[in-house]
Amino acid sequence: MLNRKEIEYNVMSLVSTWLFDAKDVSHLTLILTNDNAETTIDCNNSEEVVSQLSSVLINNSEKYTMATLVGVVGDKDKKFGELDII
């Protein structure tokens, strides 16, 4: 099993890959879903996305089945990436 630092490092790598080369990104939202519910977490920046997603994977991985990162680039909505939580 991965330890906390390994999870945080891997999430940081994933989020930076999702946001690579994205300019003027705003309104980042982490959407966590399962078969019955959806939770959204507004994030001010990529560091907050990493913190929130790491926390979910460490503390609540059994609660969610999918994490999706969306945001606004310029004036258009964009989905940056999805992660299946197994």
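Reference entry: report on the structure contained in this document.

So, about the environment of N36. Mapped onto the secondary structure, N36 falls in the loop between β1 (25-33) and β2 (38-43). Along the primary structure N36 and K5 are separated by 31 residues, whereas in three dimensions their C-alpha atoms are 30 Å apart.

Counting through the fold element by element, T68 comes out in strand β3 (residues 66-73). With relative accessibility at 9%, the residue T68 sits in the buried group. When near neighbours in sequence (up to four residues on either side) are disregarded, T68 contacts T29, L30, I31, K79, G81 and E82.

Another point: the nonpolar core. Counting residues in each nonpolar core, the largest one holds 19 residues, and the members touching the most others are V15, L28, L30, L32 and L69. Of all the elements in the fold, those that place two or more residues in this core are α1 (4-18), β1, β2, α2 (46-59) and β3. Apart from residues lying up to four places away in sequence, L30 is in contact with T39, T40, I41, C43, V49, Q52, L53, A67, T68 and L69.

Thresholds applied
- Residues numbered from 1 in each chain as written.
- Predicted model: local features only at pLDDT ≥ 70, side-chain atom pairs only at ≥ 80, totals over all residues.
- Heavy atoms only, no water.
- Helix = DSSP H or I, 4+ residues; strand = E, 2+ residues; numbered from the N terminus.
- Buried < 20%, exposed > 50% of the residue type's maximum accessible area, 1.4 Å probe, protein only.
- Contact = heavy atoms within 4.5 Å.
- Core = buried A, V, L, I, M, F, W, Y, C linked by side-chain atoms within 4.5 Å.

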